[in-house]
Amino acid sequence: MAGNTVEYTIGGVKIHFPCKAYPSQLAMMNSIVRGLNHGQHCLLESPTGSGKSLALLCSALAWQQAQYSMSDWNNSACKRSTLSSRLSEKLQASLTTEREQGDDDDFKTDGKRMRAPLVTEIFVVKLFFILFPQSPVSCSLCPCASLRDGQKAGEKAKDKDKEVNGKKTIPKIFFGTRTHKQITQLARELKRTLYSTVPMTILSSRDHTCVHPEVMPHANRNERCKELLEAKNGRSCRFYHNVHKMREQSSLQWVHGLHQAWDIEELVCLGSKLRSCAYYAARELMQEACIVFCPYNYLLDPLIRNSMEINLKGQIVVLDEAHNIEDCARESASFTLNQTQLLQSREEIEGLVTYNIRRSNHEPLLAFCCSLLNWIEESSSALQERDYESACKVWTGKEVLGIFHGLGITAGTFSALQKHLEVVLEKEERISLVNGREDAVQIPTISSSTQSVLTSLFMVLEFLFRQNCRFADDYRVALQQSYIWTTQQDALDVHGFFARPSRRRQSTRTKKLVHTLSFWCLNPAVAFSDLSDSVRSIVLTSGTLSPMGSFSSELGIKFSIQLEASHVISKSQVWVGTVGMGPQGRRLCATFQHTETFAFQDEVGALLLKVCQTVSRGVLCFLPSYKMLDKLRDRWMNTGLWEKLEERKTVIAEPRGGAKSDFDELLQTYYEAIGQSGPRDGALLIAVCRGKVSEGLDFTDDNARAVVTIGIPFPNIKDLQVELKMKYNDQHSKSRGLLPGGRWYEIQAYRALNQALGRCIRHRNDWGALILVDDRFRANPNKYITGLSKWVRQLVKHHDNFTSAIQSLVSFSQIQQGAVQTHIEELGQMAPSSVSGSDTPTLLSPVDSLVLPQSSEVQTFPYSVDTVIPSYFLNQSLTTQLKVMSFMTISYLPLGLRTQPPFELSWLF
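Given the structure is predicted, the values throughout are model-derived calculations rather than measurements.

Calculation notes
- Along each chain, residue indices are assigned from 1 in the same order as the chain's sequence is written.
- Local features are withheld for residues below a pLDDT of 70 in this predicted model, meaning they are given only at 70 or higher, and side-chain atom pairs are given and counted only at 80 or more; totals for whole chains, interfaces and linings count all residues.
- The side-chain numbers reported here are obtained from all heavy atoms of the structure, hydrogens and water having been left aside.
- Numbering goes from the N terminus for both helices and strands, where a helix is a DSSP run of H or I of at least four residues and a strand is a run of E of at least two.
- The classification of residues rests on relative accessible area computed with a 1.4 Å probe and restricted to protein chains. Under 20% of the type maximum is buried, over 50% is exposed, and intermediate values are partly exposed.
- Contacts: residue pairs with any heavy atoms within 4.5 Å of one another.
- For the area figures, the Shrake-Rupley method with a 1.4 Å probe applies, and any residue is considered shielded solely by the protein chains shown.
- Residue-level confidence of the predictor is summarised by pLDDT, bounded by 0 at the bottom and 100 at the top.
- Strands were regarded as paired on the criterion that DSSP finds at least two bridges between them.
- Note on geometry: axes are lines fitted to C-alpha atoms, helical ones only across the stretch in contact, with angles between N-to-C directions running from 0 to 180 degrees.
- Under this scheme an angle from 65 to 115 degrees is roughly perpendicular, one under 35 degrees roughly parallel, and one over 145 degrees roughly antiparallel; angles in between are oblique.
- In the scheme used here, Gly and all other residues not listed as nonpolar or charged are polar, with Ala, Val, Leu, Ile, Met, Phe, Trp, Tyr, Cys and Pro taken as nonpolar and Asp, Glu, Lys and Arg as charged.
- What counts as a ring pair is set by centres within 6.5 Å for rings of Phe, Tyr and Trp (its six-membered ring), and what kind of pair is set by the plane angle: stacked under 30 degrees, edge-to-face over 60, tilted for all other angles.
- Charge-over-ring placement is defined geometrically: NZ (Lys) or CZ (Arg) within 6 Å of the ring centre, and within 35 degrees of the ring normal.
- To qualify as a nonpolar core, a set must consist of buried Ala, Val, Leu, Ile, Met, Phe, Trp, Tyr and Cys residues joined through side-chain atoms within 4.5 Å.
- Every case where a carboxyl oxygen of Asp or Glu lies within 4 Å of a side-chain nitrogen of Lys or Arg is listed as a salt bridge.
- The span you would expect from a helix comes to 1.5 Å times its residue count less one.
- By the criterion applied in these results, polar contacts are pairs of N or O atoms within 3.5 Å in which, for protein atoms, one can donate a hydrogen and the other can accept it, and in which residues neighboring in sequence qualify only through two side-chain atoms.
- Throughout, a crossing is termed right-handed when the near helix is turned clockwise from the far one, and left-handed when it is turned anticlockwise from it by less than a right angle.

Let's hear about the overall build of the protein: which residues, and what values?
For the protein, the count of helices and strands is 36 helices and 23 strands. The burial tally for the protein puts 51% of its 909 residues in the buried class. Considering only contacts within the protein whose residues lie at least 6 apart along the sequence, 78% involve residues at least 24 apart. Accessible surface, the protein as shown: approximately 41,900 Å² in total, 50% of it carbon and sulfur.

In structure tokens:
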């Protein structure tokens, strides 16, 4: 946690920043506070490495704490006549509560008893919350906690935007980002601030949080977890029953030591230690959290949002790394299934009907599946050829609703189907005879795979039928036919022997016909409407939002506040150049026709080798597709160029798909190669735009001294979904203000390109080169340069030939390496105590210079005290805590009762 802070007052909100803010950070904080004050939506672009996350966190949390300070509810809850009467009443009430709870221990449903807190512990904790009532941290040890515990069950069922007394709660901040790795980075940034102890939680999947030893090695953790929760084999999850140990914000901070911003791994470690479920604890912690971190599909996807019980009404939604938000919104309102999945669902429901299990509810669902399968079977004969061994047919949403009406699926019958599905998903037990004795037996329910198929289908249909079929025209339904290769081993004969001898035994590959039904939402505003209609403010931010014009029209909301911030680095720290000629003088234009030629592939290889010879340490090379990566690698291996690259640097290629652990191991190999000294100078990582490497990974300093992009990563023009989206935009460009299909298509390429370029410069003192390889940038800058991020656009230079480009790059690299060496020598001559490890100055603790004010009233510090005390106060022994609190109490007493002046606290810690 930061010590000394710089205080900025923006829009009437005091923001404590851990260091002097950059101009781009001040501009961002100003935009966020304005948006939150007026309930407006913000669209903010700030380059990677400019401190965007820190500005987001500090401004949003400062605004939220200002709302707590102005809340009459917080002030009135702690009014008492005198300090002594407050202590006496609270202590007596807590002891009475403990006695009452102790009498009823035998009737606790959990059957587990908690250790009663010591009187001294109660005294210290309560005194802290009396002195500092503005803290948003709940006090579970106070008597008021027992009242809240009794109300919790009822409050969950009520509108979460209202409190029991009818007053509005302070909005929570839901902070969504693309990956869990980025959430880890955000938690690290939050620890630097004075807001590091605000109640928080991180929503995550079981894959990241489950600690049960039987579930962790399971391939499908969700399925295994549900089996344990339902106790299907007579065994339940003991970790789930211990979730009460870590579901309270106060116990997490004051008892278990997570009193500063924590990462999901820290919660998992605590869950393992306490034998408590981190997955469900994180969900319970959401009730009292001021800020909730999660992947942003948790906020956009209606199925995930409902399953996680996320209520966004009146809340603040911040979506970081939001350059992909349009795609994510479209995907969250879409669904694709194949004929086999639907057949399996039909067969399972048919079995339940046969055994007379909830027959009245399963029969309508069975009829629904049969109708859909019959329609797929009939339509498959009318498909039109598209590509080699593939065919398709596409309907508009309105056409499909007409077809469904003929199948008996209307708005009225669909509402009934939804109720039937709700019933069959409910868990129910009935009394039956088991081994001659009565016992409760759980009624079978449909499997998780069938649940997924039906709930996803019903989600899409709900959008189609919503508000008198308002969104029907935003959907396209495609039935596609293709073939997949399957491998089959030799079958056994009737006697159990193989037909062929073992030495000749082999697997056979056969083609299998596959029908796929896709419900594609082409308008991201469909899914986004759930957010825009209910939340207080939406803040979209990324380092690569440019071009920004499409967001408002595509998402269907007005962004009243927009910002394109400049970078914090100087122009001398980055080399940005376009290269349209290779070392042999051949023109480089990475269109499909050119990339297929050996001449282009050889020229690109020679260019990349020259860059690796010029730039030391780490080099990233981004290609438009995996297909091009495979072709270049094959060609370079045949010509010997790959071997030459490996002589200079360790060469690693991004894999297509694969397990996360394999990808992490590959990255670790890359980082280790850069740190090693030897015949090879660093490493070359060849990756793909829109791949894992280009999204959210941090290649700071030597990890990326140059980023080379080959071509412009346009989406596959032959992809059916891309083709339909372009036609949809052309159709509605005038009526809805959407970008024309061609312009939308170009913007997708620029966003992917900007994201790849942003991997290089990661902080103020970083430096690197951005090399854009394609002659189209030079030949038509008005078309191709305008799509780049503002900070790249301002620095780009065009080079007519490769020789001038490489000479300029050599000069830049030598100057930067010389500057780094000079800086290292200067630091070596300085005293060790005066050297800081980062660009942020070394800061002192606010407690070092803190003097309590002389006043007869209980006051708060000029700092946000709830964030100052824990890191210094909680780590002390109980005796020291009581000693400190007693001195603090004396300094707050009326002047007539005080025997000593106020104390400086620095010597106490």
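After presenting the structure, the write-up continues.
Run through the confidence of the model for the protein, naming residues and quoting values.
Note that predicted coordinates carrying low pLDDT should not be read in detail. Overall, the predicted model of the protein reaches an average pLDDT of 78, with 74% of residues at or above 70. Counting interchain partners and residues more than four positions distant, the pLDDT-below-50 stretch residues 77-85 has 9 contacts. For residues 95-165, every residue scores under 50 in pLDDT, and the model assigns this stretch 116 contacts once sequence neighbours within four places are set aside.

Before we move on, could you go through the sheet that holds strand β3 (residues 42-45) and cite the residues and values that matter?
On the basis of which strands lie adjacent, the open sheet formed by 7 strands has the order β5-β6-β4-β7-β15-β3-β16 and parallel pairing. The open sheet terminates on both sides in strands that have one partner only, identified here as β5 (200-202) and β16 (561-564). The mean angle between the axes of side-by-side strands here comes to 15 degrees, regardless of whether they run parallel or antiparallel. This element, helix α2 (residues 52-70), spans β4 (173-177), β6 (291-295), β7 (316-319) and β15 (537-542) of the sheet and lies at about 165 degrees to β4.

I'd like to hear about unusual backbone geometry, residue by residue, with values.
With a phi angle near 60 degrees, N356 is a residue other than glycine that sits in the positive phi range. You can see N356 is positioned in the loop between α17 (339-354) and α18 (359-379). For N356, a relative accessible area of 51% translates into the label exposed. You will see that R617, though not glycine, has its phi angle at about 60 degrees, which is positive. If you trace the backbone, R617 turns up in the loop between α25 (598-614) and β18 (618-623).

Would you mind going over the packing of α18 against helix α21 (residues 448-469) in detail, with residue names and values included?
Interhelical geometry of α18 versus α21 gives an angle of 75 degrees and a closest axis separation of 13 Å. Our classification of the angle between α18 and α21 gives roughly perpendicular. Contacts from L365, F368, C369 and L372 of α18 reach α21 at L454, L457, F458 and L461. Split by residue class, the contact of α18 with α21 holds 8 nonpolar, no polar and no charged.

Give a description of the environment of L788 that names residues and reports values.
Here L788 lies in the loop between α32 (781-784) and α33 (790-793). In this structure L788 comes out as buried when scored by relative accessible area, which is 0%. Considering only alpha carbons, one finds L788 and Y750, 38 residues apart in sequence, at a separation of 6.3 Å.

Give me the sheet that holds strand β19 (residues 650-653): which residues, what numbers.
Backbone hydrogen bonds are what pair the strands of a sheet, in a parallel or an antiparallel way. Strands sit in the order β19-β20-β18-β21-β22-β17-β23 across an open sheet of 7 strands; the sheet is parallel. Pairing within the sheet leaves two strands with one partner each, and these edge strands are β19 and β23 (797-799). The sheet shows a mean angle of 20 degrees between the axes of neighbouring strands, direction not considered. Contacts from helix α26 (residues 626-639) reach β18, β19, β20 (683-688) and β21 (706-710), with the element oriented near 140 degrees to β20.

How would you explain the packing of aromatic side chains if you had to name every residue and give the values?
We describe a pair of aromatic rings using the distance from one ring centre to the other and the angle between the two ring planes. Counted according to the given criterion, the structure contains 13 aromatic pairs. A ring pair is formed by Y240 and Y280, whose centres lie 5.0 Å apart and whose planes are at 75 degrees; its orientation type is edge-to-face. Here Y240 is found in helix α10 (residues 238-241), whereas its partner Y280 is found in helix α13 (residues 278-285), with 40 residues between them in sequence. Y240 gets classed as partly exposed once you look at its relative accessible area, which sits at 33%. Within the aromatic cluster, the residues linked to one another by ring pairs are F368, F414, F458 and F465. Across from the ring centre of Y483, 5.1 Å away, lies the NZ or CZ of K511, which sits over that ring. Across the ring face of F663, the terminal group of K692 is positioned such that the distance to the ring centre comes to 5.3 Å.

So what's going on with the nonpolar core? Which residues, and what values?
The biggest cluster of nonpolar side chains holds 148 residues, and the ones touching the most others in it are L267, F293, I325, F368, L457, F528 and L540. Ranked by the residues each element gives to this core, the list is headed by α2, at 11 residues. With sequence-adjacent residues up to four places away left out, F293 is seen in contact with L57, F175, I183, L186, L190, M200, T201, I202 and L203. In this structure, L667, L697, A752 and V796 belong to the second largest nonpolar core, which totals 42 residues.

How would you sum up the pairing of strand β8 (residues 335-338)? Please name residues and give values.
On a regular strand, each side chain points to the face opposite its neighbour's, so the side chains alternate between the two faces of the sheet. Judged by which residues are buried, β8 turns out to be one-sided: F335 and L337 face inward and are buried, whereas T336 and N338, on the alternate face, are not. As paired elements, β8 and strand β14 (residues 508-521) share 4 bridges and run antiparallel to each other. When the bridges of β14 are listed, T336 appears paired with S518.

So, the pattern of salt bridges: which residues are in play, and what are the values?
For the structure shown, the criterion picks out 28 salt bridges. Residue R466 is joined to D530 by a salt bridge in which the shortest nitrogen-to-oxygen separation is 2.9 Å. Highlighted residues: R466 in helix α21 and D530 in helix α22 (residues 525-532), separated in sequence by 64 residues. We classify R466 as buried; its relative accessible area is 17%. Its relative accessible area of 21% is what places D530 among the partly exposed residues. We note a salt bridge from K727 to E723, for which the minimum N-O separation is 3.3 Å. Here E723 and K727 lie together in helix α29 (residues 720-732), a separation of 4 residues that amounts to about one turn. Judged by its relative accessible area of 24%, E723 is partly exposed. Salt bridges sharing common partners tie together R305, E462, R466 and D530.

Give a description of α13 that names residues and reports values.
Most of α13 sits out of view: 7 of its 8 residues are buried. The complete set of buried residues in α13 reads A278, Y279, Y280, A281, A282, R283 and L285.

I'd like a rundown of the pairing of β15, residues and numbers included.
Of all 6 residues in β15, 6 are buried, a share of seventy percent or more. Covered by surrounding structure in β15 are S537, V539 and T541 together with I538, L540 and S542, the residues of both alternating faces. Both β3 and β15 contribute to a ladder of 4 bridges, which runs parallel. Note that in β15 the partner of L44 across the bridge is T541. For β7 and β15, the ladder comprises 4 bridges, and the chain directions are parallel. Bridge pairing in β15 links L319 to L540.

I'd like a description of α25, backed by residues and values.
Helix length check: α25 (17 residues) gives 24 Å between terminal C-alpha atoms against 24 Å at 1.5 Å per residue, within 8%. Every buried residue belonging to α25 is among F600, Q601, E603, V604, G605, L607, L608, L609, V611, C612 and T614, and all of these are buried.

Before we move on, could you go through the side chain of R776 and cite the residues and values that matter?
Its place among the elements puts R776 in helix α31 (residues 776-779). Here D774 takes part through its side chain, which lies 2.8 Å from a polar atom of the side chain of R776. With sequence-adjacent residues up to four places away left out, R776 is seen in contact with C589, A590, T591, G711, I712, F714, P781 and Y784.

Can you break down the environment of S570 residue by residue, with the values?
Note on placement: S570 falls in the loop between β16 and β17 (574-579). Once the C-alpha coordinates of S570 and R764 are considered, the two residues, 194 residues apart in sequence, prove to be 8.5 Å apart. Looking at S570, its side chain comes within polar contact range of the side chain of S572, at 3.0 Å.

Any chance you could break down the packing of helix α1 (residues 23-38) against α2 for me, citing the residues and the numbers?
Packing of α1 against α2 leaves a shortest axis separation of 9 Å and a crossing angle of 35 degrees. Considering the relative orientation of α1 and α2, their crossing is right-handed. From α1, Q25, M28, M29, I32, V33, L36 and N37 reach across to α2, where they touch K52, L54, A55, L56, S59, A60 and W63.

If you had to explain the side chain of D681 to someone new, which residues and values would you point to?
Its place among the elements puts D681 in the loop between α28 (660-675) and β20. The class for D681 is buried, based on a relative accessible area of 18%. Of the polar contacts made by the side chain of D681, one reaches the side chain of R617; its length is 3.2 Å.

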